[in-house]
There are 6 protein chains.
Amino acid sequence: MRLAYSTWPEITAFLVDSKTVVIPIGSNEQHGPMGLLGTDWMCPEIIALAAEKIASEKNTALMIAPTFNIGMAQHHLGFAGTISLRPSTFMAAIEDWVLSLARHGFDHIYFLNGHGGNVATIEASFSQIYARYSYTGETCPLMLKLKNWWDLPGVATLCNKLFPVGHGMHATPSEIAVTYAAYPEQVRHVDLIPKIAPSGPILDALDYRARFPDGRIGADSSLATIELGQEIIAMSVQGLLADVQEFSAQVKPA
Amino acid sequence: MRLAYSTWPEITAFLVDSKTVVIPIGSNEQHGPMGLLGTDWMCPEIIALAAEKIASEKNTALMIAPTFNIGMAQHHLGFAGTISLRPSTFMAAIEDWVLSLARHGFDHIYFLNGHGGNVATIEASFSQIYARYSYTGETCPLMLKLKNWWDLPGVATLCNKLFPVGHGMHATPSEIAVTYAAYPEQVRHVDLIPKIAPSGPILDALDYRARFPDGRIGADSSLATIELGQEIIAMSVQGLLADVQEFSAQVKPA
Amino acid sequence: MRLAYSTWPEITAFLVDSKTVVIPIGSNEQHGPMGLLGTDWMCPEIIALAAEKIASEKNTALMIAPTFNIGMAQHHLGFAGTISLRPSTFMAAIEDWVLSLARHGFDHIYFLNGHGGNVATIEASFSQIYARYSYTGETCPLMLKLKNWWDLPGVATLCNKLFPVGHGMHATPSEIAVTYAAYPEQVRHVDLIPKIAPSGPILDALDYRARFPDGRIGADSSLATIELGQEIIAMSVQGLLADVQEFSAQVKPA
Amino acid sequence: MRLAYSTWPEITAFLVDSKTVVIPIGSNEQHGPMGLLGTDWMCPEIIALAAEKIASEKNTALMIAPTFNIGMAQHHLGFAGTISLRPSTFMAAIEDWVLSLARHGFDHIYFLNGHGGNVATIEASFSQIYARYSYTGETCPLMLKLKNWWDLPGVATLCNKLFPVGHGMHATPSEIAVTYAAYPEQVRHVDLIPKIAPSGPILDALDYRARFPDGRIGADSSLATIELGQEIIAMSVQGLLADVQEFSAQVKPA
Amino acid sequence: MRLAYSTWPEITAFLVDSKTVVIPIGSNEQHGPMGLLGTDWMCPEIIALAAEKIASEKNTALMIAPTFNIGMAQHHLGFAGTISLRPSTFMAAIEDWVLSLARHGFDHIYFLNGHGGNVATIEASFSQIYARYSYTGETCPLMLKLKNWWDLPGVATLCNKLFPVGHGMHATPSEIAVTYAAYPEQVRHVDLIPKIAPSGPILDALDYRARFPDGRIGADSSLATIELGQEIIAMSVQGLLADVQEFSAQVKPA
Amino acid sequence: MRLAYSTWPEITAFLVDSKTVVIPIGSNEQHGPMGLLGTDWMCPEIIALAAEKIASEKNTALMIAPTFNIGMAQHHLGFAGTISLRPSTFMAAIEDWVLSLARHGFDHIYFLNGHGGNVATIEASFSQIYARYSYTGETCPLMLKLKNWWDLPGVATLCNKLFPVGHGMHATPSEIAVTYAAYPEQVRHVDLIPKIAPSGPILDALDYRARFPDGRIGADSSLATIELGQEIIAMSVQGLLADVQEFSAQVKPA
């Protein structure tokens, strides 16, 4: 069940049986010469919607929120098309999303993340939200969870198998393959030079551009294919369904 | 040309000829028993993408940013599924989007808006951005524009003609028709009681729910049809293409 | 009754019968070569105090708060004497004024505004205040209203009649006439060149100064006279008394 | 010269000869059963305007900004009519006033203060403004000064002589006398019980109300008279003229 | 009893008998050619720990919090080693410390301060904290107190006696003597030129450096000795014990 | 070389040869019935100071900043003595520390961290700092690094060897051993029940207290001894010296 494609009475009805919602969250940032700017928000969206389809076929509704498509990508701002929130803005926005959903009774809020650069700020946001309760001693009804799609059960193992060399850290063949599988018309063929991009630390935008001239880090994006993307999506979907089910079953101690 | 479905070198190439970008912006909030929660971000997205298609067929690329899908909807929080940013958060996020795009050279930034409740905060954001330059006396390269899709040339006249009675202010048949045209599988049939919803002022969430029990204001959403939606989209697309062209041609005085 | 010219026990006594307060709010910004920098806060103050006088003669006390004299005028900062708050500061200040007055029991808070540039930010502030209640589901006792003095019943019609040509948008003969009527010693005679100032969009301060070299927009300020100002004040006072009475009678639904 | 009662070309002309501006700043808060809520912003305004009159008669223009009428008075919120900014809001507003005036070339900005509760926050604001330059190593053109009117040369000595007993700390006969002298129609006669109010520390609003039931601290407001107020104003005006002259002559080291 | 050197059950046990905690607070900033950068946080820490020792010997536990070692020192940023918080950051941090301690039941929170530049911001912070309660009308359990160590009973008199000439305002022989007494290995011998540093106003960092080339204001730091420091510490310890005892006994009115 | 125990000319001299500074950073929070509240800021301080001693014996100065002793510990607020910053405050404070040190020329800033709960917020802070440069395209001179002391080379291996069972995640025998080694008088003997504490997720303060009644997570703190602490410190010191040396040698690409 997709929240944005529902009416409010349908959400009210859903909440009778489940208080769990999945938010695909990513970033809109350069992914080298072959990857789409939207790669990091598309991947979790693609996986979440595929999982939702399967769940609804089994009559076990999975609630998917609209995609949170702009995250923390200050280091990519040296490449055209990147849009980033400052961490402070990102935190405020996550807080507002969570408090809005909590207002309606959702108390298990699961962020399916597609961007490594988001992780620290999302976790800081969770603490900021919990702190509202922790300073006052009020009971907090919320359980918040962050999961990167590549950390879903089975996915890392699969990606390592599919791309033993050249997976790298940014503009990886696995994430690009996922988008190619979902949007076959977006496949690009580019001669990457060097084939495997350099690696190094991530600091500010100018430093990033100097270290990683075409935007990739350690990756050979050209290994991505539609077929491999389909495999990765299938594994991720299974992992997500299992992980959300387990999360939904968790309860807070009295 | 869709920014998120491009690579960074493609954006760099685009910027040689044009510095204009269109951001569909809306809200995710209840739209009564017949309207989708995503109505207000879907409408500008639908119109912008349809316009982009026509533009690209004419080889006059129109750059469409990812959709800004959560806006200021505090008054709708009494209905399940609504997600809102506080105005202060919304302003910070708009500022970050604009400064990111400005970093790459975009200097004509056009927000195509689908939610009346966003207008004040978006305009306040523009002033917050301009103020960065106005206090220091630095030259500001930016032209920012906000346009509601229903204010595009020809659209209001058409909607008045199509819905002389029962158009109302929220969950209007025109916005719902636009989403039905784009997502025919989402058409809903509901007996609305009363047919035309009550009207009144908009304050906080509990007040809103008490005044407008099913969420609509002054509207008979059941007048929406796929065909009427197609008509409205077509008119909006023409209006958008003309309006953006005019905006792109504007220059700041020396 | 003027709040600042009262003692606290007098305010306590007033609150037994009425919970309404009127806040004159404006801006301190250039108004061309003939208009006072204080024009936009003086106009609502002049009108509110004149209305208060009439009300108190009829033993129907009208509570007038101190004047909120600095608003959002970033676009005027290219002209000496302009003082502006950033939108974010303006919002925080409005929130504090409202919460202070609410603390004492005022629940109908009416902002009589004299500056078009304030409108978006004041409305965003109202949403920020309401949001405090909307996210938590607490009952909000407040009704907040913004009214520009030129939108009071009868005023626009009168101004159109008095100034069929050259009214314009900034440093208008109507606002300058109001200040001249209240402060006859401040009348200035200046040869305006051109007689009717240019029009155009409002962006940042340097852009504004380049478009509108003497500060006026579309206006022939030299049409202002003391007598016309008196007429406008009289009409505005009637409009304000009626509008506040109607507002005070409004109640929130249970 | 009063900034708000000037046009922008007049301010531009003034700035040729002087870069100094005086801002009357105070608070709107309870002053016991005899004092006006506006006492703390009225006193500096009364003194500043009287000084301006004398200065202009001597052709030595003194620039008086609009009055900053709402300050930090959280501790008075237990009494009706008090309006307070939070310290964080107050700081942001002072910063915006200062940066606006600095934009035009004012570099000696003198706050004539009428409220003890403002002192800490105004000084913190000055540090916040200076810090903009201190972290970056940029040259800061500004000299900011805070002066309480009762600390002007000669004033404390006079007040001690006039009110050897019962001057106290809040709703003092000296500040009330100043407002009575300026607004003779506002004189109130109230039997104060006890004649001299209790003293004690200042914490939050409920604590304040419990300690100081009618709002006064240590003061016998009934000692205030119009004539004494005139004496205090005369002394304060002399003190202000001398102090501002000295301040204007100060220069920053190269 | 030192909070950081205790376990949580020990703090819980302490709170049965006392709700008072002392926070040494200072700054890390240049103190001329002879004074340590940490002087301003070391002094209150030294005095508080010495007092704690005496108290514990008498079985009257005194709770000493960890030292708040970075304060507001923007004006010292022109000298290497200075670390400063902006006032807005400082306020947020003080608020968080206080709310954390209040969460556990501490309601008498005593800041023993070692830096004059902290005073305004700490007091503004107290108002910011109290304001949380004052706007809502909730009962505030907290009593907050700020005391500079040189204002403890007996200390100023002693310092005046010990240093009748050359005490000055910054890098004073008294504060340097305190650190020399506590850290005898840190004694430095420097030829100060001039012996007594110049005096003047404190503005931004570059201005400060131009006025006070070696960082001292009005002080002859070379008067500091270990023995004099011991005397000052002894007097301060007595003053602190007395002052905290009195503070702890204060109760808020019902 | 300890920054706080130096004078500003000594820091200036140091900066001729090195631009690296190490900041011990931790938290003040409950560590179960045997661990000190200060454990998390003491550990990095102990290790950094021991390393500094060795370095100075070799005439290779290591600059150690004052300890940042309060971090993000909202989840521990259910236990007395915990002091926490909200993430937003923590970020502002880190930003101010970094910008202060950068002002003097430090450009390699190394945070030696002692608290897992700090990691996300410190990393978000780094991004917030870098973002100042990334949005504008200005060159950023800074390299920022976060290292947990238990991630220093060799340390995890040692701890696993020393505590194959019962190491756990909070109030671990390794961190407690480090503090016991440094402060032997603080060794406590407590019968822990159960010996090995439960494990689970970390959410808000009340949830934490319910899951982990005595504050420990997964740890048997009673395994800590002074001797083991000495071993861990020795290994950590070697690791720190090597890691800082490597960091100092890194340069940003041109």
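See the structure above.
Residues numbered from 1 in each chain as written. Chains lettered and ligands numbered in written order. Predicted model: local features only at pLDDT ≥ 70, side-chain atom pairs only at ≥ 80, totals over all residues. Heavy atoms only, no water.

Student: Just checking my understanding: could you explain unusual backbone geometry for this structure?
Tutor: A negative phi angle is the norm for most residues apart from glycine, just as the trans form is the norm for most peptide bonds. Of the consecutive residues isoleucine 193 of chain D and proline 194 of chain D, the connecting peptide bond is found in the cis state with omega at -5°. Along the chain, the position of proline 194 of chain D falls in the loop between α6 (173–182) and α7 (205–211). Of note in this structure, alanine 171 of chain A is not a glycine but carries a positive phi near 60°. Turning to its location among the elements, alanine 171 of chain A is positioned in the loop between α5 (155–162) and α6 (173–182). Here asparagine 59 of chain D, not a glycine, exhibits a phi torsion of approximately 60°, which is positive. For asparagine 59 of chain D, a relative accessible area of 72% corresponds to the exposed category. (Helix = DSSP H or I, 4+ residues; strand = E, 2+ residues; numbered from the N terminus. Buried < 20%, exposed > 50% of the residue type's maximum accessible area, 1.4 Å probe, protein only.)

Student: For this particular structure, what's the right way to read the side chain of histidine 170 of chain D?
Tutor: As for its placement among the helices and strands, histidine 170 of chain D is situated in the loop between α5 (155–162) and α6. Among the polar contacts made by the side chain of histidine 170 of chain D, one reaches the main-chain carbonyl oxygen of glutamine 30 of chain D at a distance of 2.8 Å. (Polar contact = N/O pair within 3.5 Å; in protein donor to acceptor, adjacent residues only side chain to side chain.)

Student: Would you take a moment to explain the interface of chain C and chain D for this structure?
Tutor: A common measure of how large an interface is: the accessible area buried when the components associate. Between chain C and chain D, the residue contacts involve 55 residues of the former and 55 residues of the latter. Carbon and sulfur atoms make up 60% of the surface buried where chain C meets chain D, a total of about 4,200 Å² over both sides. Three residues stand out in chain C for area buried against chain D, namely Tyr5, Trp8 and Ile83 of chain C, and they jointly supply 19% of the buried area on that side. In this assembly, chain C and chain D are joined by 4 salt bridges. When the shortest N-O distance is used, the salt bridge between arginine 188 of chain C and glutamate 10 of chain D registers 2.6 Å. Elements with a contribution of two residues or more to the side of chain C that touches chain D: α1 (8–17), α2 (39–57), α3 (87–103) and α7 (205–211) of chain C. With 9 residues, α3 of chain C is the single largest residue contributor to the side of chain C that touches chain D. (Contact = heavy atoms within 4.5 Å. Buried area = accessible area lost by both parts, 1.4 Å probe. Salt bridge = Lys/Arg side-chain N within 4 Å of Asp/Glu carboxyl O.)

Student: Hey, could you run me through the sheet that holds strand β1 (residues 20–25) of chain C in this one?
Tutor: Two strands in a sheet stick together by hydrogen bonds in their backbones, pointing the same way (parallel) or opposite ways (antiparallel). All names here are of chain C. Spatial ordering of the open sheet is given by β1-β2-β3, a layout of 3 strands whose pairing is parallel. The open sheet has two edge strands, β1 and β3 (143–148), and neither has a second partner. Strand-to-strand twist in this sheet, taken as the mean axis angle between neighbours without regard to direction, amounts to 20°. One ladder, built from 6 bridges, connects strand β2 (residues 108–113) with β3; its direction is parallel. When the bridges of β3 are listed, leucine 112 appears paired with lysine 147. (Pairing = 2+ DSSP bridges. Axes fitted to C-alpha atoms, helices over the stretch in contact; angles between N-to-C directions.)

Read these as layout, nothing more, since geometry by itself doesn't imply function.
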